[in-house]
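Coordinate analysis (summary)
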Amino acid sequence: EMCIRDRYQRRVHGDDKKTTNIKTHQSALSALELNASGTLLATASEKGTIIRIYDLKEGVQLQELRRGTEYAQIYSINFDVNSQWLACSSDSGTIHIFTLKQQQKNGVGKNPKSKLSFMKVLSPYFDSEWSFAQYKVTDSKTIVAFLPPQNKEDVATDLIILSYDTKFYQILLNAQNGGECTLTVKEDINPAIEEK
């Protein structure tokens, strides 16, 4: 259960009935997502530039992920089933995929940071993690999700994207090097309408 306390702070009630206060963003939330086990929370503000990942049991921020520098409306945020990756879609048309800290410990590539990260004492902007991989779509509104891996031990590397323009995409993530994802399937799922 989650209760909005005010514009800047969220209260989370866990199974143990303990209340955890989490300071999220300076502006109102526009998107949030829980991982499959309910232990992690991803949030995005109306600005759409930053996604924050929180440990719900401890009430601490684990990561700050930068989607971009321009304002954007976040359409979807999604964890993979094993909480190793996070993907988001927005009105910028770019699907961003981030490595979560747990996955970074397993030898998979890390999210890049700014070359100016030594200046993080001036602004947290310089310490943000940027997306590990991306894919650009030209459709309007989209949602993104990870396909579960074939085996539980495997890393999820296939994602699907659905657009409100009735397009279906399946893309493949390079889990070692990141960068631009590879398109494997693109279809129009709108049934053909016969003219009379």
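Everything numeric in this text was worked out from a predicted model, so none of it was measured.

Some details on the overall build of the protein
Broken down by element type, the protein carries 1 helix and 17 strands. Looking at the protein as a whole, 44% of its 196 residues qualify as buried. Residue pairs in contact within the protein that sit at least 24 positions apart in sequence constitute 40% of those at least 6 positions apart. For the protein, the exposed surface amounts to about 11200 Å²; the carbon and sulfur share of it is 49%.

Some points on the pairing of strand S7 (residues 60-66)
Judged from the 6 bridges that link them, strand S6 (residues 50-55) and S7 form a sheet pairing that is antiparallel. Each residue of the ladder has a partner; that of Arg-52, found in S7, is Glu-64. Connecting the antiparallel pair S6 and S7 is a turn made up of 4 residues, with Gly-59 showing a positive phi of about 70 degrees. The pairing of S7 with strand S11 (residues 129-130) spans 2 bridges and is parallel. Residue pairing in the sheet places Leu-65 in a bridge with Glu-129 of S11.

A few points about the confidence of the model for the protein
Of the residues in the protein, 75% have a pLDDT of 70 or more, and the chain-wide mean is 81. Here strand S1 (residues 2-4) stands out as the element of the protein with the lowest mean pLDDT, 45, in contrast to strand S12 (residues 133-136), whose mean of 96 is the highest. pLDDT under 50 marks residues 1-8. Its contacts with residues more than four places away, or in other chains, come to 23 contacts.

Considerations on the pattern of salt bridges
Inspection of the entire model under this criterion finds 2 salt bridges. Residue Arg-52 is joined to Glu-64 by a salt bridge in which the shortest nitrogen-to-oxygen separation is 2.9 Å. One end of the pair, Arg-52, is in strand S6; the other, Glu-64, is in strand S7, with 12 residues separating them in the sequence. Owing to a relative accessible area of 14%, Glu-64 belongs among the buried residues under this scheme. Residue Glu-129 pairs with Lys-101 through a salt bridge whose shortest N-O separation is 3.4 Å. Linking Glu-129 in strand S11 with Lys-101 in helix H1 (residues 101-104), this pair joins segments that are 28 residues apart in sequence. Overall, Lys-101 belongs to the partly exposed group, its relative accessible area being 37%.

Parameters at a glance
- Residues numbered from 1 in each chain as written.
- Predicted model: local features only at pLDDT ≥ 70, side-chain atom pairs only at ≥ 80, totals over all residues.
- Heavy atoms only, no water.
- Helix = DSSP H or I, 4+ residues; strand = E, 2+ residues; numbered from the N terminus.
- Buried < 20%, exposed > 50% of the residue type's maximum accessible area, 1.4 Å probe, protein only.
- Contact = heavy atoms within 4.5 Å.
- Areas by Shrake-Rupley, 256 points an atom, 1.4 Å probe, with all protein chains shown as cover.
- Pairing = 2+ DSSP bridges.
- pLDDT = per-residue confidence, 0-100.
- Salt bridge = Lys/Arg side-chain N within 4 Å of Asp/Glu carboxyl O.

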